[in-house]
Amino acid sequence: MATRGNGESIRGTLSPEAIAASALALGDQQGPDAMTLRRIAAHLGCDPMALYRHFANRRALLDAVADLALADVVVPDDQVPWAVRLRDLLVGVRSGALAHPGIAPHIAARPPLGPHGLRIARGLLDALRESGLGGRETVASSQVLIAYVSSSIVMAMETHGQRDDRWEDVVHALGPLSDNDLPVGHMPAAGSAEQFAFGLEVLVDGLRARVGSRPDQNGRPG
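Rules of the game
- Per-chain numbering applies: the sequence of each chain, read as written, is numbered from 1 onward.
- The predicted nature of this model means local features are confined to residues of pLDDT at least 70 and side-chain atom pairs, given and counted, to a pLDDT of 80 or more, with totals for whole chains, interfaces and linings taken over all residues.
- For side-chain calculations, the full set of non-hydrogen atoms in the structure is used, while hydrogens and water are omitted.
- A run of DSSP states H or I qualifies as a helix once it reaches four residues; a run of E qualifies as a strand once it reaches two. Both are numbered from the N-terminal end.
- We compute the radius of gyration from the C-alpha atoms alone; for a globule the expected value is 2.2 Å times N to the 0.38, where N is the number of residues.
- For each residue, the accessible area found with a 1.4 Å probe, counting protein chains only, is set against the maximum for its type, and the residue is called buried under 20%, exposed over 50%, and partly exposed in between.
- Axis lines are fitted through C-alpha atoms, for helices just across the contact stretch, and the angle between N-to-C directions can take any value from 0 to 180 degrees.
- With respect to orientation, any angle under 35 degrees is reported as roughly parallel, any angle over 145 as roughly antiparallel, any angle of 65 to 115 as roughly perpendicular, and every other angle as oblique.
- Throughout, a crossing is termed right-handed when the near helix is turned clockwise from the far one, and left-handed when it is turned anticlockwise from it by less than a right angle.
- Note on contacts: a residue pair qualifies if any of its non-hydrogen atoms lie within 4.5 Å across the two residues.
- In this classification, the charged set is Asp, Glu, Lys and Arg, the nonpolar set is Ala, Val, Leu, Ile, Met, Phe, Trp, Tyr, Cys and Pro, and all remaining amino acids, among them Gly, are polar.
- Residues enter a nonpolar core if they are buried and are Ala, Val, Leu, Ile, Met, Phe, Trp, Tyr or Cys, with the set joined through side-chain atoms within 4.5 Å.
- Working rule for helices: expected span equals 1.5 Å times residues minus one.
- Our arc is simply the arc of the directions from the helix axis toward the C-beta atoms.
- Only protein atoms enter the calculation, which uses a 1 Å grid: trapped sets of points that fit a 1.4 Å probe without letting it out are cavities, open sets showing protein on both sides within 12 Å along at least five of seven lines are pockets, and any residue with an atom within 4 Å of a point is a lining residue.
- Grid points are joined across faces, edges and corners, and a volume is the space filled by probe spheres set on the points.
- Known as pLDDT, the predictor's per-residue confidence is scaled from 0 to 100.
- Whenever a nitrogen or oxygen atom comes within 3.5 Å of another N or O atom, the pair is scored as a polar contact, on the condition that within protein one atom can donate a hydrogen and the other can accept it, and that pairs from neighbouring residues in sequence are kept only if both atoms are in side chains.

Enquirer: Before we go on, may I ask you to explain the overall build of the chain in this structure?
Expert: If you tally the helices and strands in the chain, you get 10 helices and 0 strands. In sequence order, the chain lays out its α and β elements as α-α-α-α-α-α-α-α-α-α. A compact globule built from 222 residues would reach a C-alpha radius of gyration of about 17 Å, whereas the chain, at 22 Å, exceeds it by more than 25%. C-alpha extents for the chain along the principal axes are approximately 75 × 50 × 25 Å. The buried share among the 222 residues of the chain stands at 37%.

This is how it looks when you write it as structure tokens:
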């Protein structure tokens, strides 16, 4: 029987919720490399095989940890304009993921579908529907936005949102291409909050334009 370091049995205390919370805390402390069944089990003080009583495999466990990491993401009230809701919700998802570096890469690769992930997804779909998009466009647009958030998380994990050597290389290479008349030196750092906010604004403006370019019932542009 698995025991804690002081000899106390933990078989009766393990639960999916407790395992996910412990794994999340471990990842916060030690990063993505700590997200193995062996290290999570060691952190809990149990045998790795004990985890299989609660999760089918490592991916299922990490899915649960990813969902827990987004528990504090606020879905804006539906009285708030759809574009503001969309922006605030996706900023919250990015911030929530980056607050938990151990599981952030998993969130980027597999946006969670647990209770918190579905709550966020409902908020996203509701905001998009309110924009005036049709059903298929709503689904497709949600996929584009999720992909944008995911890529931003990956870049932020890589660069910490700071101007690094690669940023310097890009600025140096782009200067001559722009005949040195574009302010490439003011380019936001890859993975920065500034870059994410601007890109999100561009995407939302594109959704507005897509809806607004359609004719109304009288044949006039929307």
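Enquirer: What is the right way to read the packing of helix α7 (residues 115-130) against helix α8 (residues 135-159) from this model?
Expert: In contact at an axis separation of 10 Å, α7 and α8 are set at 125° when each is read in the N-to-C sense. Taken as axis vectors, α7 and α8 run oblique relative to one another. Note that α7 runs across α8; the crossing there is right-handed. Of the residues in α8, those in contact with L124, L125, L128 and R129 of α7 are T138, S141, S142, L145 and I146. Class assignment of the residues belonging to the contact of α7 with α8 gives a composition of 5 nonpolar, 3 polar and 1 charged.

Enquirer: Is there a simple way to explain the nonpolar core in this structure?
Expert: As a rule of thumb, nonpolar side chains are buried together in soluble globular proteins. In this structure, L51, L86 and I103 are the most contacted members of the largest nonpolar core, which totals 48 residues. Per-element tally for this core: the top contributor is helix α5 (residues 82-98), with 7 residues. If we ignore the near neighbours within four places in the chain, the residues touching I103 are L24, M35, L62, V65, A66 and A69.

Enquirer: What should I look at first to understand α7 in this one?
Expert: Each α-helix turn comprises 3.6 residues. Residues three or four places apart therefore point the same way. Its 16 residues place the ends of α7 23 Å apart at the C-alpha level, agreeing with the 22 Å of an ideal helix rising 1.5 Å per residue. The set of residues buried in α7 consists of G117, I120, G123, L124, A127 and L128. With its buried residues spanning 130° around the axis, α7 presents them on a single face. Opposite its buried face, α7 presents the exposed residues P115 and R122, each directed more than 90 degrees away. Summarising the contacts, the buried residues of α7 are in contact with α4 (58-69), α5, α8 and α10 (193-212). At the exit of α7 stands G132, carrying a positive phi of roughly 110°.

Enquirer: I keep staring at the layout of surface pockets and nothing clicks. Help me out?
Expert: Computed from the structure, the largest pocket encloses a volume of approximately 300 Å³. Residue lining of the largest pocket: 17 residues in total, with P111, P112, G117, I120 and I146 positioned closest to the centre. Its residues placed into classes, the lining of the largest pocket shows 14 nonpolar, 3 polar and no charged.

Enquirer: Can you help me understand the confidence of the model for the chain in this one?
Expert: Low pLDDT marks regions whose predicted coordinates should not be analysed in detail. Summary statistics for the chain give a mean pLDDT of 89 and a share of 91% for residues scoring 70 or more. Across residues 216-222 the pLDDT falls below 50, and counting only partners more than four positions away or on other chains, this stretch makes 10 contacts in the model.

Enquirer: Even after reading the chapter, I still don't get α8, so can you show me in this structure?
Expert: Between its first and last C-alpha atoms α8 spans 37 Å; for 25 residues at 1.5 Å apiece the expected length is 36 Å, and the two agree. Taken residue by residue, α8 has E137, T138, S141, S142, L145, Y148, V149, S150, S152, I153, A156 and T159 as its buried positions. The elements touched by buried residues of α8 are α5, α6 (104-109), α7 and α10. At the C-terminal side of α8, H160 shows a positive phi close to 60°.

Enquirer: What exactly am I supposed to notice about the side chain of S152 here?
Expert: Secondary-structure assignment places S152 in helix α8. Here S152 falls in the buried class, since its relative accessible area comes to 2%. Discounting residues that sit within four places of it in the chain, S152 has contacts with R94, G191 and F196.

Enquirer: For this particular structure, what's the right way to read unusual backbone geometry?
Expert: Peptide bonds are, in most cases, trans, and in most cases residues other than glycine have a negative phi. For H160, which is not a glycine, the phi torsion comes out positive at approximately 60°. Owing to a relative accessible area of 62%, H160 belongs among the exposed residues under this scheme.

Enquirer: Even after reading the chapter, I still don't get the side chain of T159, so can you show me in this structure?
Expert: Examined against the element boundaries, T159 turns out to sit in helix α8. The class of T159 is buried, set by a relative accessible area of 12%. Of the polar contacts made by the side chain of T159, one reaches the backbone nitrogen of G161; its length is 3.0 Å. Only 2.5 Å separates the side chain of T159 from the backbone oxygen of A190, close enough to count as a polar contact. Not counting the four nearest positions on each side in its chain, T159 is found in contact with D164, A190 and G191.

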